Amino acid sequence: MSSMGPPADENLEIKQVDLRSMSSSSHGQAPQAHKVAIPPRQNLFNEFKDTIKETLFADDPLRPFKDQTKSKKLILGIEAIFPILNWGRSYNLKKFKGDIISGLTIASLCIPQDIGYAKLANLPPQYGLYSSFVPPLIYAVMGSSRDIAIGPVAVVSLLLGTLLSNEIDPKTHAEEYRRLAFTATFFAGITQATLGILRLGFLIDFLSHAAIVGFMGGAAITIALQQLKGFLGIKTTQFTKNTDIVSVLHSVFSTAHHGWNWQTIVIGASFLGFLLFAKYIGKKNTRFFWVPAIAPLISVILSTFFVYITRADKQGVEIVRKIERGINPSSVKELYLSGEYLGKAFKIGIVAGMIALTEATAIGRTFASMKDYQLDGNKEMVALGAMNVVGSMTSCYVATGSFSRSAVNYMAGCQTAVSNIVMSAVVFLTLEFITPLFKYTPNAILAAIIISAVINLVDYEAAILIWKIDKIDFIACMGAFLGVVFHSVEIGLLIAVSISFAKILLQVTRPRTAILGKIPRTTVYRNIQQYPEASKVPGVLIVRVDSAIYFSNSNYVKERTLRWLMDEEEKVKGDYRTKIQFLIVEMSPVTDIDTSGIQAFEELHRSLEKKGVELVLANPGPAVTDKLYASKFANRIGEDKIFLTVAEAVAYCSPKVVEDP
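All residue numbers here refer to positions counted from 1 along the written sequence of the relevant chain. Only residues with pLDDT of at least 70 are given local features in this predicted model, and only at 80 or more are side-chain atom pairs given and counted; all residues enter the totals for whole chains, interfaces and linings. The basis for the side-chain values is all heavy atoms of the structure; hydrogens and waters are excluded.

## A look at the nonpolar core
Among the nonpolar cores identified, the biggest contains 99 residues, and Leu160, Leu164, Phe215, Ile223 and Ile355 are the most heavily contacted of them. The dominant element in this core, judged by the number of residues it contributes, is helix α19 (residues 443-454), at 10 residues. Non-local contacts of Leu164, meaning those with residues more than four positions away in its chain, are made with Tyr177, Leu180, Ala181, Ala184 and Ile348. Definition used in this section: a nonpolar core is a set of buried Ala, Val, Leu, Ile, Met, Phe, Trp, Tyr and Cys residues joined via side-chain atoms within 4.5 Å. Each residue's exposure class comes from its accessible area (1.4 Å probe, protein chains only) as a fraction of the maximum for that residue type: buried when under 20%, exposed when over 50%, partly exposed otherwise. Membership of the second largest hydrophobic core comes to 30 residues, among which are Ile515, Val543, Ile593 and Leu604. In this text, helices come from DSSP runs of H or I with a minimum length of four residues, and strands from runs of E with a minimum of two, each type numbered from the N-terminal end. Two residues qualify as a contact provided that any one of their heavy atoms is within 4.5 Å of a heavy atom in the partner residue.

## Focus on the pattern of salt bridges
Each salt bridge in this description consists of a side-chain nitrogen of Lys or Arg and a carboxyl oxygen of Asp or Glu lying within 4 Å of one another. On inspection of all chains with the given rule, the structure shows 18 salt bridges. Note that Lys558 and Glu603 form a salt bridge whose closest N and O atoms lie 2.8 Å from each other. Residue Lys558 is found in helix α23 (residues 554-571), and its partner Glu603 is found in helix α24 (residues 595-611); the two are separated by 45 residues along the sequence. For Glu603, a relative accessible area of 25% translates into the label partly exposed. Across the salt bridge formed by Glu602 and Arg636, the nearest N and O atoms sit 2.3 Å from each other. Here Arg636 lies in helix α26 (residues 633-637) and Glu602 lies in helix α24, a separation of 34 residues in the sequence. Residue classification places Glu602 among the buried positions, given a relative accessible area of 15%. In this structure Arg636 comes out as partly exposed when scored by relative accessible area, which is 45%.

## Side note on unusual backbone geometry
Trans peptide bonds make up most of the peptide bonds, and negative phi angles are found at most residues other than glycine. One non-glycine residue, Arg321, adopts positive backbone phi at about 75 degrees. Tracing the sequence through the fold places Arg321 in the loop between α14 (290-310) and α15 (340-371). At Ser395, a position not held by glycine, the phi torsion is positive, near 60 degrees. Among the secondary structure elements, Ser395 is positioned in the loop between α16 (377-392) and β2 (400-401).

## Notes on empty space enclosed by the protein
A cavity, in this analysis, means grid points on a 1 Å lattice covering only the protein atoms where a 1.4 Å probe fits yet has no way out; a pocket is instead an open set bounded by protein on both sides within 12 Å along at least five of seven lines, and a residue lines either one if it has an atom within 4 Å of a point. Grid points are joined across faces, edges and corners, and a volume is the space filled by probe spheres set on the points. Overall, the coordinates contain 2 cavities of 30 Å³ or more when judged by the stated rule. What the largest cavity holds in volume is close to 60 Å³. Together, Val545, Ile549, Ser554, Val557, Lys558, Thr561, Val585, Gly597, Ala600, Phe601 and Leu604 line the largest cavity. Looking at the lining of the largest cavity, the elements with two or more residues in it are α23 and α24. Classification used: nonpolar for Ala, Val, Leu, Ile, Met, Phe, Trp, Tyr, Cys and Pro, charged for Asp, Glu, Lys and Arg, polar for all others including Gly. Each residue belonging to the lining of the largest cavity can be placed in one class, and the counts come to 7 nonpolar, 3 polar and 1 charged. In this structure, the second largest cavity encloses a volume near 50 Å³. When residues of the lining of the second largest cavity are assigned to their parent elements, the largest contribution, 4 residues, is made by helix α10 (residues 209-226). In terms of residue class, the lining of the second largest cavity is built from 6 nonpolar, 1 polar and no charged.

## Comments concerning the pairing of strand β3 (residues 513-518)
Remember that side chains alternate between the two faces of the sheet whenever the strand is regular. Most of β3 sits inside the fold, with 5 of its 6 residues counted as buried. Between any two strands, pairing holds if DSSP finds at least two bridges. As paired strands, β3 and strand β5 (residues 540-545) are joined by 3 bridges and run antiparallel to one another. Looking at β5, one finds that Thr513 is bridged to Val545. Two elements, β3 and strand β4 (residues 525-527), share 3 bridges in a ladder whose sense is antiparallel.

## Details of the pairing of strand β6 (residues 582-586)
With 5 of 5 residues buried, β6 is to be regarded as a mostly interior element. Judged by which residues are buried, β6 turns out to be covered on both faces: Phe582, Ile584 and Glu586 on one side and Leu583 and Val585 on the other are all buried. Pairing of β5 with β6, which is carried by 5 bridges, proceeds in the parallel orientation. Bridge pairing in β6 links Leu541 to Leu583.

## Quick look at helix α9 (residues 174-197)
Given 3.6 residues per turn, any residue in an α-helix points the same way as the ones three and four places further on. By this rule the span expected of a helix is its residue count minus one, scaled by 1.5 Å. The end-to-end C-alpha distance of α9, which contains 24 residues, comes to 35 Å, matching closely the 34 Å that a straight helix rising 1.5 Å per residue would cover. Burial analysis of α9 places 17 of its 24 residues in the buried class, which makes it a mostly covered element.

## What to know about the packing of aromatic side chains
Here the distance between the centres and the angle between the planes together describe a pair of aromatic rings. Think of it this way: a Phe, Tyr or Trp ring, Trp meaning its six-membered ring, pairs with another when their centres are within 6.5 Å, and the plane angle makes it stacked under 30 degrees, edge-to-face over 60, tilted otherwise. Overall, the coordinates contain 15 aromatic pairs when judged by the stated rule. Put simply, the rings of Tyr127, Tyr130 and Phe182 pair up and form one aromatic cluster. The lysine or arginine in question, Arg146, covers the ring of Tyr373, its NZ or CZ lying 4.0 Å from the ring centre. Between Arg179 and the ring centre of Tyr336, over which it is positioned, the NZ or CZ distance is 4.1 Å. Geometrically, a lysine NZ or arginine CZ counts as sitting over a ring once it is within 6 Å of the ring centre and also within 35 degrees of the ring normal.

## Describing the state of the cysteines
The disulfide definition used here is simple: a pair of cysteine sulfur atoms within 2.5 Å. Summed over the entire model, instances satisfying the criterion amount to 0 disulfides. In this model Cys396 remains outside any disulfide bridge; the closest cysteine sulfur is found in Cys110, 12 Å from its own. Judged by relative accessible area, Cys396 falls into the buried class, the value being 1%. For the unlinked cysteine Cys414, the closest cysteine sulfur is that of Cys110, found at 15 Å. A relative accessible area of 1% places Cys414 in the buried class.

## Let's talk about the sheet that holds β4
One key point about sheets: their strands pair by backbone hydrogen bonds, in either a parallel or an antiparallel sense. Ordered by their spatial adjacency, 6 strands build an open sheet running β4-β3-β5-β6-β7-β8, and the pairing between neighbours is mixed. Taken across any chain shown, the strands that pair with only one partner, and hence form the sheet edges, are β4 and β8 (642-643). Across the sheet, α23 is in contact with β3, β5 and β6; its angle to β5 comes to roughly 150 degrees. Axes here refer to lines fitted to C-alpha atoms; in helices the fit is confined to the stretch in contact. Angles between the N-to-C directions go from 0 to 180 degrees.

## Notes on the confidence of the model for the protein
Residues at a pLDDT of 70 or more form 93% of the protein, whose mean pLDDT is 88. The low-confidence segment residues 1-33 (pLDDT under 50) makes 26 contacts with residues lying over four places distant or belonging to another chain. Per-residue confidence from the predictor is reported as pLDDT, a score between 0 and 100.

Structure, rendered in structure tokens:
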């Protein structure tokens with residue numbers, strides 16, 4: 001045996017050099033030439049400053065202020081708060097032509113919608129118009145989106161109406177209800193502006209896209225069901241106050257023999273058919289985008305004229321009756337700034353403000369990407385918050401970006417936020433001179449307009465796509481949808497938020513791990529489930545952790561890694577040549593590690609030592625490397641067992657596996 005020693009040693013040495021040179025760019029150098037670098041130590045203040053900057057100021061909002069004079073900085077600061085002063089300098093007649101056409105078009109759509117949405121919020125119809133007069137003016141001055149159209153929207157109106165009516169009956173205590181609505185709007189604005197000023201806009205991203213799709217779809221169904229009261233001519237006293245589908249359908253069918261009004265049904269069904277046909281034309285040919293935009297106003301004019309000349313209101317057709325004439329009265333003194341309703345308004349305002357913010361942000365981002373311009377989310381939040389705070393003091397309820405109106409605004413060729421000013425001017429003229437003409441407008445036409453407006457919120461194609469992509473997301477989507485439809489808007493919203501957070505917690509506490517194998521004829525190591533042709537290295541187990549390692553998942557990572565090892569040991573049981581002797585942890589996806597993570601690695605190292613398995617680390621990032629050395633863990637396992645790549649780690653392990661028969 002001793003006579004064979006030198007040749008065997010020589011062969012092993014040659015093999016070791018060959019294996020290491022595969023992953024080395026320095027012709028024959030060992031992997032230690034590519035030692036993992038220890039990042040330079042930062043002092044505590046700089047580290048804290050960098051963390052705050054990346055968390056709250058990732059977009060570097062102060063970049064335009066660098067190397068500027070004091071006067072220029074002042075001008076830039078004012079323009080940051082009021083963007084109209086920036087883009088207004090380059091405004092011209094060509095842009096105004098596009099804005100006036102789009103402004104008139106969205107005004108024709110918003111006026112009938114606003115009257116209907118006010119009913120959803122259990123407020124008199126003029127309050128819907130008020131909310132399309134003052135808020136769009138404030139947004140035009142402070143907002144940065146060129147395409148978003150501001151005003152009341154269906155989902156927020158329903159949400160606000162539901163939450164407010166849980167506290168105060170809008171029929172018996174109309175004044176207190178209205179005051180609570182204004183106060184909730186005030187706190188909705190404060191919430192939005194605070195998130196923007198503190199640059200906490202990322203918080204709204206915790207409500208996942210799937211949950212929003214489900215919530216919006218459920219809210220659309222609920223809104224449409226609520227309109228059956230006006231669509232079928234059912235008296236308010238005979239209709240349930242609950243919003244769930246079971247209660248609503250029970251109310252509808254229990255009044256079928258004596259509560260329905262056939263004249264109302266004819267008016268509602270005829271114009272709903274007209275509105276849906278107009279939508280079909282606009283969708284079929286985008287040149288006719290204006291057809292579905294003006295269809296609601298045409299429907300209101302025609303149905304109002306029809307009811308007036310036939311006096312159908314005498315036959316049981318419910319009509320609007322009266323809309324207060326004149327612009328928004330002040331409501332500063334009506335806000336509840338003390339007493340029992342203050343806390344209730346605060347809670348309702350936060351919920352309504354967050355939902356309104358989510359919708360407006362999604363709309364703004366969508367159209368900004370279509371026109372290829374940047375939108376500052378935090379500035380948008382400040383603008384939306386300011387307009388709702390001012391709105392609460394001028395008899396408005398929560399306003400936000402409307403997707404249907406914004407889409408029409410975009411297709412009509414809007415150039416800037418001046419289209420909102422044009423719309424606001426038309427609403428002003430309506431409030432001053434035209435509101436008496438709405439006296440004979442049937443409630444059925446308002447119901448038909450709302451049903452046609454919300455029908456697109458049921459995005460079944462998005463739900464199908466969510467099912468194909470991510471089953472957990474689909475559960476969130478359907479949970480929110482069913483919660484709204486079968487119980488209430490609040491429960492649906494709670495389910496949406498809960499499932500969104502549950503998914504985050506699941507991903508944080510149970511990160512993905514994988515066993516890696518070598519792709520043939522390369523030095524690349526990949527997940528063997530994704531690449532079945534990848535081969536495992538005999539005697540070496542390579543595990544990749546696809547997440548930062550924190551207190552919330554460190555124990556799981558340790559236990560899952562040991563379980564991978566046990567599974568592999570069972571597969572090679574009795575074969576000493578392939579017995580696992582090295583565990584390589586690929587750490588490139590591990591962006592950070594905390595003290596619990598270090599502790600878990602120490603426990604893993606001790607467990608492996610008892611099994612006779614060496615722990616080797618590959619490609620830890622700068623934050624992880626710094627903490628491995630600061631905790632002395634790198635010294636415990638040996639600095640020579642931390643490598644730049646998996647290939648170098650394998651090259652280190654493979655010769656030792658060969659020489660251990």
